[in-house]
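Now for the letters of each chain:
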Amino acid sequence: MADRRQVLRMGALAAGAALAAPVLASEVASAAPGKPSDRPLVIGHRGASGYRPEHTLASYELAARLGADFIEPDLVSTSDGVLVARHENEISGTTDVATRTEFAARKRTKVIDGVTVTGWFTEDLTLAELKTLRAVERLPAVRQRNTLYNGLFQVPTFQEVLDLQDRLCKELRREIGVYPETKHPSYFRSIGLELEKPLAEALRRNGLNKPTAPVFVQSFEAANLRDLHDVHKIRTRLVFLASAAGGPFGDTRSYASYLTPAGLGELSRFVSGIGPDKGLVIPRRADGTLGTPSPLVADAHAAGLVVHPYTFRAENQFLPADYRTGTDPNAYGRAIDEQIAFHRAGVDGLFTDMPDIGVLARDLAGR
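Residues numbered from 1 in each chain as written. Predicted model: local features only at pLDDT ≥ 70, side-chain atom pairs only at ≥ 80, totals over all residues. Heavy atoms only, no water.

It is the contact of helix H13 (residues 335-344) with helix H14 (residues 355-364), at a shortest axis distance of 9 Å, that shows an interaxial angle of 55 degrees. As the angle between them shows, H13 and H14 are arranged oblique. Relative to H14, the crossing made by H13 is right-handed. Contact residues: Ala335, Ile336, Gln339, Ile340 and His343 in H13; Ile357, Gly358, Leu360, Ala361, Arg362 and Leu364 in H14. (Axes fitted to C-alpha atoms, helices over the stretch in contact; angles between N-to-C directions. Helix = DSSP H or I, 4+ residues; strand = E, 2+ residues; numbered from the N terminus. Parallel < 35°, antiparallel > 145°, perpendicular 65-115°, else oblique. Left-handed = near helix turned anticlockwise from the far one by under 90°. Contact = heavy atoms within 4.5 Å.)

This is the structure in C-alpha cells:
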C-alpha cells in the first residue's frame, strides 16, 4: 500500500496536473504506432464519469482538468446520421427521455447484437430532437452525488467533443487526445446508419486522420476495425477491445483466440493496441482477490501492441475483494493500490472513471 505521506504529497501534485502536466498525449502520439509508451496514459472513461453524468461535455472537460491524457466518447448515430456520444443507443438510463411525453410513442423493442432491448433509441430521433433531452446519471444508486447534475447537460455530438478537445488543448497548454469507440457498428450498418463513414469524415475534417494524431479509435469488433483501416483508410491508431468471455458480434472467433500470441500477431497488421477487460491482465482468484499477472501484456508488447485495460473505478463493488474497505459496496476502497498493481504489470494506460485517481496512481507507481 502506498505510504500515507506520499499519497498526500502526490495528491497535491495531482491537483495541479491540469496546468502543470507535461505534454503526455503528444509524447505518445509522436511514437511509432503500437510502440509501448514510457509514460502510461490516463484515459478518462466516458469523461470523468465518477464525478459527472457520463458522456457530457461537462464530464469530458472535468476529465481533462483532472489530468486525463485522453477523453473517451462512445459513438452512436441519430436518425439523420449524426454521431453523438452515448454509452448505448438505448438512452432511457442516460437521459430524461422516459419522462418526456412528446416521445412516449417512440418507445420500441429491438434486437441489438442478439440481445432484446426495450426503450428509446438514438436512431429513432433526429439530432434536433435529441438535443431537447437532458443527461442523467446512469448509476444513481452508486453515484448519488452525480444526480445533482441531472437535467443540466445535453447529449453532445462527436464534433462538439472535438471542438472541446481543441479548446482545452489551447487553454491548458497541453495536448489532450480523444479515444472514440464505435458502438454496435454491425447493428448500425444493418439499419443503414453506418458509423464508419461519418467517423472517417470527422477525423479528416479535423486534421486527425494520421498516425501521429492524439487519437485512438476502438471497437469490440475486429471486422469493424479492419474495415476502418482497409476501406475507409483510417490512419489514426486503432484498438481492439476484448471482453473476458464471448466474442465479437457476428464473428466466429472468440476474444480469447484473438488474444493468443498468434491472434495478437494477426491483429497487429491493422491495429496498434488492445483494450482488454482488466481481469485478462490480472485475473482474480476464486475468492475474488487479485491474482498474478497473465502473459497478455508481454505477448501484446511482443506483437508491437499497446495495452489499455478497462475499467478502473473506486467503489468497493468494482474492486478485488482484498482491495475493498468496509462492507458498503458504494464506499471507496483501495482504488489507488489496484491501479498501482496494474502499472507494475506493465500496462500502457488505464481507462478510469476518476482521472485524478489515475494520475495519482501512475505517479505513485513511478511511471
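With that settled, the discussion passes to helix H4 (residues 57-65). The α-helix advances 3.6 residues per turn, and as a result positions three or four apart in sequence lie on the same side. For H4, the complete set of buried residues consists of Ser59, Tyr60, Leu62, Ala63 and Ala64. Positive phi shows up at glycine 67, right after H4, with a value of about 110 degrees. (Buried < 20%, exposed > 50% of the residue type's maximum accessible area, 1.4 Å probe, protein only.)

We now examine the sheet that holds strand E2 (residues 70-71). Strand order in this open sheet of four strands is E7-E2-E1-E13, and the pairing throughout is parallel. Every other strand in the sheet has two partners, leaving strand E7 (177-178) and strand E13 (349-352) as the edge strands with one partner each. Strand contacts of H14: strand E1 (41-44) and E13, with the helix running at about 170 degrees to E1, the strand carrying the most contacts. (Pairing = 2+ DSSP bridges.)

What follows covers the side chain of serine 219. Take serine 219: it is sitting in strand E9 (residues 216-219). The class for serine 219 is buried, based on a relative accessible area of 0%. Within the structure, serine 219 has its side chain in polar contact with the side chain of asparagine 224 (distance 2.9 Å). Dropping the residues within four chain positions of it, serine 219 is found in contact with Thr182, Pro185, Asn224, Leu225, Val239, Phe240 and Leu241. (Polar contact = N/O pair within 3.5 Å; in protein donor to acceptor, adjacent residues only side chain to side chain.)

One can describe the packing of H4 onto helix H6 (residues 158-172) by two numbers: an axis separation of 11 Å at closest approach and a directional angle of 30 degrees. Considering their axes alone, H4 and H6 lie roughly parallel with respect to each other. The handedness of the crossing between H4 and H6 comes out as right-handed. The segment H4 lies against H6, with Leu57, Tyr60, Glu61, Ala64 and Arg65 engaging Glu160, Val161, Leu164, Arg167, Leu168, Glu171 and Leu172. Of the residues contributing to the contact of H4 with H6, the split by class is seven nonpolar, no polar and five charged. (Nonpolar A, V, L, I, M, F, W, Y, C, P; charged D, E, K, R; others polar.)

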